[in-house]
Amino acid sequence: MFDSLFHAAHTAVIHLSTVLAPVGGAAAAVVAVTMLVRLLLHPLTRAAVRGERARAALAPQLAALRKKHGKDTAALAQAMTDLHREAGVSPLAGFLPMLLQIPVFILLYQLFAYSTVAGQANTLLDSTLFGVPLSAHLLVPAAAWLPHLAVFGAVVAVLTALAWASSQRAVRLAALQETPPTGLLATLPRVLPYAILISAVVLPLAAVLYLATSTAWTVAENALLRRGYPARAAAVTPASGAATA
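Model, not experiment: these values are computed from the prediction.

Undergrad: I would appreciate a short explanation of the overall build of the protein chain in the present structure.
TA: Per the secondary structure count, the protein chain includes 10 helices and four strands. Overall, the protein chain shows an N-to-C arrangement of helices and strands of α-α-α-α-α-β-β-β-β-α-α-α-α-α. In the protein chain, which comprises 245 residues, the proportion classed as buried is 34%. The long-range share in the protein chain, meaning contacts at least 24 apart out of those at least 6 apart in sequence, stands at 68%.

Undergrad: Explain unusual backbone geometry to me, please; I cannot follow it from the model alone.
TA: Glycine aside, negative phi is the norm for most residues, and most peptide bonds take the trans geometry. A positive phi is found at Ala118, a non-glycine position, where the angle reads about 55°. Checked against the element boundaries, Ala118 lands in the loop between strand E1 (116–117) and strand E2 (120–121).

Undergrad: Looking at this structure, how should I read a nonpolar patch on the surface?
TA: On the surface, a nonpolar cluster with roughly 470 Å² of combined accessible area is contributed by Phe95, Met98, Leu99, Ile102 and Ile106. Tracing the backbone shows Leu99 in helix H5 (residues 96–111).

Undergrad: Would you take a moment to explain the nonpolar core for this structure?
TA: Most often, soluble globular proteins keep nonpolar side chains buried together rather than apart. One finds Leu111, Phe112, Leu134, Leu205 and Leu209 to be the most contacted residues of the largest nonpolar core, which totals 39 residues. Secondary-structure elements contributing two or more residues to this core are helix H1 (2–19), helix H2 (26–57), H5, helix H6 (145–175) and helix H9 (205–225). With eight residues, the single largest contributor to this core is H9. Setting aside its immediate chain neighbours within four residues, Leu134 contacts Ala26, Ala27, Phe112, Ser127, Thr128, Leu129, Pro204, Leu205, Ala206 and Leu209. Membership of the second largest hydrophobic core comes to six residues, among which are Leu62, Leu65, Leu76 and Leu83.

Undergrad: Explain the packing of aromatic side chains here, please?
TA: The way to describe two aromatic rings as a pair is by their centre distance and the angle between their planes. For the structure on display, the rule yields two aromatic pairs. Relative to Tyr114, the ring of Phe6 has its centre 5.4 Å away and its plane inclined at 55°; by these criteria the two rings are tilted. Residue Phe6 is located in helix H1, and its partner Tyr114 is located in the loop between H5 and E1; the two are separated by 108 residues in the primary sequence. Judged by its relative accessible area of 6%, Phe6 is buried. For the pair Phe105 and Tyr210, a centre-to-centre distance of 5.7 Å together with 55° between the ring planes defines the contact as tilted.

Undergrad: It is not clear to me how the packing of helix H3 (residues 59–69) against helix H4 (residues 73–87) should be interpreted in this structure. Could you clarify?
TA: The geometry of a pair of packed helices is captured by two quantities: the angle between their axes and the separation between those axes. Between H3 and H4, the shortest axis-to-axis distance is 9 Å and the interhelical angle comes to 155°. By the criterion of interaxial angle, the relationship of H3 to H4 is roughly antiparallel. The hand of the H3/H4 crossing is right-handed. Along the contact surface, H3 presents Gln61, Leu62, Leu65, Arg66 and His69, while H4 presents Ala75, Leu76, Ala79, Met80, Leu83 and His84.

Undergrad: In this structure, what is going on with the pattern of salt bridges? I would like to understand it.
TA: Note that side chains of opposite charge can pair when their charged atoms are close. Per the stated rule, a full pass over the model turns up one salt bridge. Ionic pairing is found between Arg38 and Glu221, a salt bridge with its closest N-O pair at 3.0 Å. Taken together, the residues span a long stretch of sequence, with Arg38 in helix H2 and Glu221 in helix H9 at a distance of 183 residues.

Undergrad: Can you walk me through the packing of H6 against H9 in this structure?
TA: Orientation of H6 relative to H9, taken along the N-to-C sense of each, is 30°, at an axis distance of 10 Å. As summarised for this structure, H6 and H9 are arranged roughly parallel, according to the angle between their axes. Crossing of H6 against H9: the hand is left-handed. Across from Val151, Phe152, Val155, Leu159, Leu162, Ala165, Ser166 and Arg169 in H6, the residues of H9 making contact are Leu205, Val208, Leu209, Ala212, Thr215, Ala216, Val219 and Asn222. Here the contact of H6 with H9 is composed, by residue class, of 12 nonpolar, three polar and one charged.

Reading guide: rules and limits
- Residues numbered from 1 in each chain as written.
- Predicted model: local features only at pLDDT ≥ 70, side-chain atom pairs only at ≥ 80, totals over all residues.
- Heavy atoms only, no water.
- Helix = DSSP H or I, 4+ residues; strand = E, 2+ residues; numbered from the N terminus.
- Buried < 20%, exposed > 50% of the residue type's maximum accessible area, 1.4 Å probe, protein only.
- Contact = heavy atoms within 4.5 Å.
- Patch = residues over 30% accessible without salt bridge, like charges linked within 9 Å, V, L, I, M, F, W, Y side chains within 5 Å.
- Areas by Shrake-Rupley, 256 points an atom, 1.4 Å probe, with all protein chains shown as cover.
- Salt bridge = Lys/Arg side-chain N within 4 Å of Asp/Glu carboxyl O.
- Core = buried A, V, L, I, M, F, W, Y, C linked by side-chain atoms within 4.5 Å.
- Phe/Tyr/Trp six-rings, centres within 6.5 Å; stacked < 30°, edge-to-face > 60°.
- Axes fitted to C-alpha atoms, helices over the stretch in contact; angles between N-to-C directions.
- Parallel < 35°, antiparallel > 145°, perpendicular 65-115°, else oblique.
- Left-handed = near helix turned anticlockwise from the far one by under 90°.
- Nonpolar A, V, L, I, M, F, W, Y, C, P; charged D, E, K, R; others polar.

Okay, here's the thing in structure tokens:
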């Protein structure tokens, strides 16, 4: 079954590359596939954002539960689970769009990693971006050094800018929590977005393009769906807490 899916995906990307030949060929096809996947997942992302806002509205009640149960972690966990269930909120809903992307990413990675498809030479390996093969790795240049470093350098610069934007937002959201994290928990939201830069070292250019496009979509989606959310969350939480009191 996987072989049939892999072959079908290979054929589809080849055809899409032909259609998009005037604007980048296979590289444009990777970007187009990424955007299509994210577009299909957009309804799930919107649902996740609604759940995020609903969880923020539960903050005063969660604070009351923590005060009530103190160090009884088992009772606290059960009470929090019951509260989320009654409110129709899933704490894990926000991870669903990310999890559903994993099979697509793996398939795309393999399209530019395998030398053969259904016993035939994988023609996608001949695809390039400004002369650099989409199957190339940063530390293993398959072309002249200058274009190789220029292309990867541009992609790394984009990834760094996107990681910075994600890091700044994560830090702002962490600071709005009822009890802002400290120590390692405070550092992780600031540092974790930069882990995507590792992809530029260990993955082929095609997979790095996928991650860059998907991350850019996420940043834009956050700006659209969560615009003003930190400020509103800060304003709503104290008001809710006062009403509860």
